Amino acid sequence: MARVMALWFPRWSVVAALAAIGETISDQAVTQSAVVVVRGNRVLDASQRARADGVLPGLRLREAQSRSPQARVLRADEAAESRAFAQVLDVLERAVAGVEAVRPGLCIVPARGPTRFYGGEVQAVAAVVDAVRAGSVAALAAGVRVGVADDVFAAEQAAYASLPSPVFVAQGRSRDFLDPLPIERLADGEVASLLQRLGVTTFGGFASLPAELVEARLGAVGAVLHDRVSGLDGRAVVPRQRHEDLALRVHWDEPIEREDQLAFAVRDAVGRLVDDLAQRRLVATAVRIELVSDRGDRSDRLWSHPQCFDASGIVDRLRWQVQASASRGGNGGDFSTTTSPGVNTMAAASRQSGLGTGPAGGYPPALDGGITQVTITPERVAEAYRFERALFGSGVEDRVAQGLARVQGIVGHDGVLVAQVTGGRSVRDRRVFVPWGEQAAPVRGDGPWPGRLPSPSPSLVYADRVAATVWDAAGGVVSVDSRGTVSAHLASFEVVPVGARPRRHQVVGWAGPWAVAGRWWDSAISGDAAPARVDRFQCVDDEGIGWLLALEAGRWWVEARYD
């Protein structure tokens, strides 16, 4: 059985975040300074000093700041972490061959070659660790832990469990090592949470379940996880492919001041970039475009694609980035666009609604002047065969993706939006639209959300609330006092649609209220006056239709409907 060596750099997120802001990286700086790295509103990682104050991954940001008030809060940047980790991989590949990067801060290596070369697993681990520490200051500051086992999953878990000395799992004993580990270590949080609710708290408990029942209940994902905790992980180490610098850089002595001229000037070069990737049997799934004006302004933006980029897709992103920069710069910049008025109006409307167009949720900075340099860098690449069309035609998803790409090329980046679910108390807050092709917007925390409605969610959420009136059995309008007490049982309600006749419904069942008290920051987010209080009710009428009613400032509204 092929043995696997896993190297984990536990403080990598902290090191990369400090390097991204220009800090001098050293082991002393990382261990003695209190640093908290967050993603969204949750702690992703924390330095040793912050952990000593009680800051642990998964904490809400406010709780982390209360435990370590002096800690600096830095935002996680996956692209920066990947770029910095690539340098560590370069150092590691000088000592061993066949390195696979699992994610920034974690890599795996086939153990057979180093073991034979250095004369044993212990000697191989020592040589690899010494080489990494000597060749990379960032790796030394982040720390390195090593695990060696029969398969990838067991080796990774051994690295996570290791202390200053490496952990060697004896050959054929992966199951014995994995059995007592807590189920929280599963990579899939939803599966881990479900198993905990079912009373399964360890890998051993999960592995003891019948494989056929696990697959029937949890599907293919559950079956794969079950094999891994059973010591049957069949994954092989896939070494990363080394490539020379594929970044495309185009420079002009005379600045280009028209969008269509810029797109024409780079089209051939972009085509060559895509062809170079194709010759290596690769495609780009994310590209970084940097624009430099003749006045020294820069616009840097990472673009993602749900499938892979072709030449026209990259040129379209270049045009959209120019359009966004020009519109943000107003009339002060020299750069002009040739986009139709409808596209510009759509982009402006999406910005007013708070739509972000990138992973950070914002537009690139405005450019002032003409463009003198364009740099296009493939940030993420994948094997081309993964995106080949089927021999006997493409599937429905492929055709939909191709259609959306064509429409987006016509109407602009913000013209094709995809609905996503996020956190919030009301059903209107929980929906957000992002441009098609962008990465999923980070969820604004997973709760608790006081006043949030219980499941199920309504099937129809009205863009504009519909006025309504709710009566009790005596014909009086139902109200709710400041303590949340309902004046009477809901007996009937009338919906008053705009431009239509009112319709009265009899209530056969209801629940609530779910009260949400407005705060001053609600108006800062929505742009509307913050409501003092909103009380929401769920009710079912005599036709079996469910409704979501809201009482705000003495007025009743219909917010959604359950079909």
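Residues numbered from 1 in each chain as written. Predicted model: local features only at pLDDT ≥ 70, side-chain atom pairs only at ≥ 80, totals over all residues. Heavy atoms only, no water.

J.: Now, about the overall build of the protein chain: what can you tell me, with residues and values included?
T.: Helix and strand counts for the protein chain come out as 18 helices and 20 strands. Here the protein chain holds 563 residues, and the buried ones make up 43% of them. Of the contacts formed within the protein chain by residues at least 6 apart in sequence, a portion of 59% connects residues at least 24 apart. (Helix = DSSP H or I, 4+ residues; strand = E, 2+ residues; numbered from the N terminus. Buried < 20%, exposed > 50% of the residue type's maximum accessible area, 1.4 Å probe, protein only. Contact = heavy atoms within 4.5 Å.)

J.: Any chance you could break down the sheet that holds strand 19 (residues 546-552) for me, citing the residues and the numbers?
T.: On the basis of which strands lie adjacent, the closed barrel formed by six strands has the order 15-16-17-18-19-20 and antiparallel pairing. Strand-to-strand twist of the sheet, defined as the mean angle between neighbouring strand axes without regard to direction, takes the value 45°. (Pairing = 2+ DSSP bridges. Axes fitted to C-alpha atoms, helices over the stretch in contact; angles between N-to-C directions.)

J.: Let's hear about the packing of aromatic side chains: which residues, and what values?
T.: The full count for this structure, using the stated rule, is ten aromatic pairs. Summarising the aromatic geometry, the rings of tryptophan 12 and phenylalanine 85 are spaced 5.3 Å apart at their centres and angled 70° between planes, so their arrangement reads as edge-to-face. Taken together, the residues span a long stretch of sequence, with tryptophan 12 in helix 1 (residues 12-20) and phenylalanine 85 in helix 5 (residues 78-93) at a distance of 73 residues. As far as burial versus exposure is concerned, tryptophan 12 and phenylalanine 85 are alike and both buried. Following the ring pairs from residue to residue traces out a cluster consisting of Phe9, Trp12 and Phe85. For the cation-ring pair, arginine 301 lies above tryptophan 303, with the distance from its terminal atom to the ring centre recorded as 3.8 Å. (Phe/Tyr/Trp six-rings, centres within 6.5 Å; stacked < 30°, edge-to-face > 60°. Lys NZ or Arg CZ within 6 Å of the ring centre and 35° of its normal.)

J.: Now, about the environment of valine 169: what can you tell me, with residues and values included?
T.: Turning to its location among the elements, valine 169 is positioned in the loop between strand 8 (167-168) and helix 10 (174-178). Put simply, valine 169 and arginine 3 are 166 residues apart on the chain and 9.8 Å apart in space, counted from C-alpha to C-alpha. Non-local contacts of valine 169, meaning those with residues more than four positions away in its chain, are made with Arg3, Val148, Ala149, Ala158, Ser174 and Phe177.

J.: Can you tell me about the side chain of threonine 115, naming the residues and giving the values?
T.: For threonine 115, the location among the structural elements is in helix 6 (residues 112-118). Taking the relative accessible area as the measure of exposure, threonine 115 reaches 19% and is therefore buried. Setting aside residues no more than four positions away along its own chain, threonine 115 makes contact with Gly120, Glu121 and Ala124.

J.: Give a detailed account of helix 1, specifying residues and quantitative values.
T.: Taken across its nine residues, helix 1 has seven buried, putting it largely inside the fold. Taken together, the buried positions of helix 1 are Trp12, Ser13, Val14, Val15, Ala16, Ala17 and Leu18.

J.: Could you give me a rundown of the pattern of salt bridges, with the residues and numbers involved?
T.: For the structure on display, the rule yields 18 salt bridges. Glutamate 543 serves as the salt-bridge partner of arginine 503, at 2.5 Å between the closest nitrogen and oxygen. One end of the pair, arginine 503, is in strand 17 (residues 503-517); the other, glutamate 543, is in the loop between strand 18 (533-541) and strand 19, with 40 residues separating them in the sequence. On the basis of relative accessibility, which here comes to 42%, the residue arginine 503 falls in the partly exposed class. Its salt-bridge partner being arginine 536, residue glutamate 559 comes within 2.8 Å of it at the nearest N-O pair. A residue pair is termed long-range when its members are at least 10 positions apart, and glutamate 559 in strand 20 (residues 555-562) and arginine 536 in strand 18 qualify at 23 residues. What makes arginine 536 buried here is its relative accessible area of 8%. A network of salt bridges, in which partner residues are shared, links Arg465, Arg536, Glu552 and Glu559. (Salt bridge = Lys/Arg side-chain N within 4 Å of Asp/Glu carboxyl O.)

J.: I'd love a proper account of unusual backbone geometry, names of residues and values included.
T.: Backbone torsion omega between glycine 512 and proline 513 reads 5°, so that peptide bond is classified as cis. Of note, the phi angle at alanine 553 is positive, near 55°, even though the residue is not glycine. Positionally, alanine 553 belongs in the loop between strand 19 and strand 20. Since its relative accessible area comes to 76%, alanine 553 is described here as exposed.

J.: Quick one: what's the story with the nonpolar core, residue by residue and with numbers?
T.: Nonpolar side chains in soluble globular proteins generally cluster together in the buried interior. In terms of nonpolar packing, the biggest core is built from 34 residues, with Met5, Leu7, Phe9, Leu92, Cys107 and Val146 touching the most fellow members. Apart from residues lying up to four places away in sequence, leucine 92 is in contact with Leu7, Val99, Cys107, Val109, Val128 and Val132. (Core = buried A, V, L, I, M, F, W, Y, C linked by side-chain atoms within 4.5 Å.)

J.: So what's going on with helix 7 (residues 121-135)? Residues and values would help.
T.: Two residues of an α-helix separated by three or four positions point the same way, owing to the 3.6 residues in each turn. When the terminal C-alpha atoms of helix 7 are compared, their 21 Å separation across 15 residues agrees well with the 21 Å that a helix rising 1.5 Å per residue should span. Among all positions of helix 7, only Ala124, Val125, Val128, Val129 and Val132 are buried. Projected down its long axis, helix 7 shows its buried positions confined to an angular sector of 125°, all on one face. Across helix 7 from its buried face, at more than 90 degrees, point the exposed residues Val122 and Ala134. Buried residues in helix 7 make contact with strand 1 (4-8), helix 5, helix 6, helix 8 (137-142), strand 7 (145-149) and strand 8. (Expected span 1.5 Å × (residues − 1). Arc of directions from axis to C-beta.)

J.: Give me the sheet that holds strand 4 (residues 72-75): which residues, what numbers.
T.: The strand order across the open sheet formed by three strands is 3-2-4, and the pairing between neighbours is mixed. Each end of this open sheet is capped by a strand with a single partner; those strands are strand 3 (42-46) and strand 4. Direction aside, the axes of adjacent strands within the sheet are offset by 40° on average. Both strand 2 (residues 35-39) and strand 4 contribute to a ladder of four bridges, which runs parallel.

J.: Which residues make up the pairing of strand 2, and what are the values?
T.: Here strand 2 lies mainly inside the structure; four of its five residues are buried. Bridge count for strand 2 against strand 3 is four bridges, and the pairing is antiparallel. Counterpart to arginine 39 in the pairing with strand 3 is arginine 42. Counted along the chain from strand 2 to the antiparallel partner strand 3, the turn is two residues long, and its residue glycine 40 has a positive phi close to 70°.

J.: How would you summarise the confidence of the model for the protein chain if you had to cite specific residues and measurements?
T.: Of the residues in the protein chain, 79% have a pLDDT of 70 or more, and the chain-wide mean is 79. Note on residues 330-365: pLDDT under 50 across the span, and 79 contacts to partners over four residues away in sequence or across chains. Taken as a whole, residues 523-527 scores under 50 in pLDDT and shows four contacts with residues more than four places along the chain or in a different chain. (pLDDT = per-residue confidence, 0-100.)

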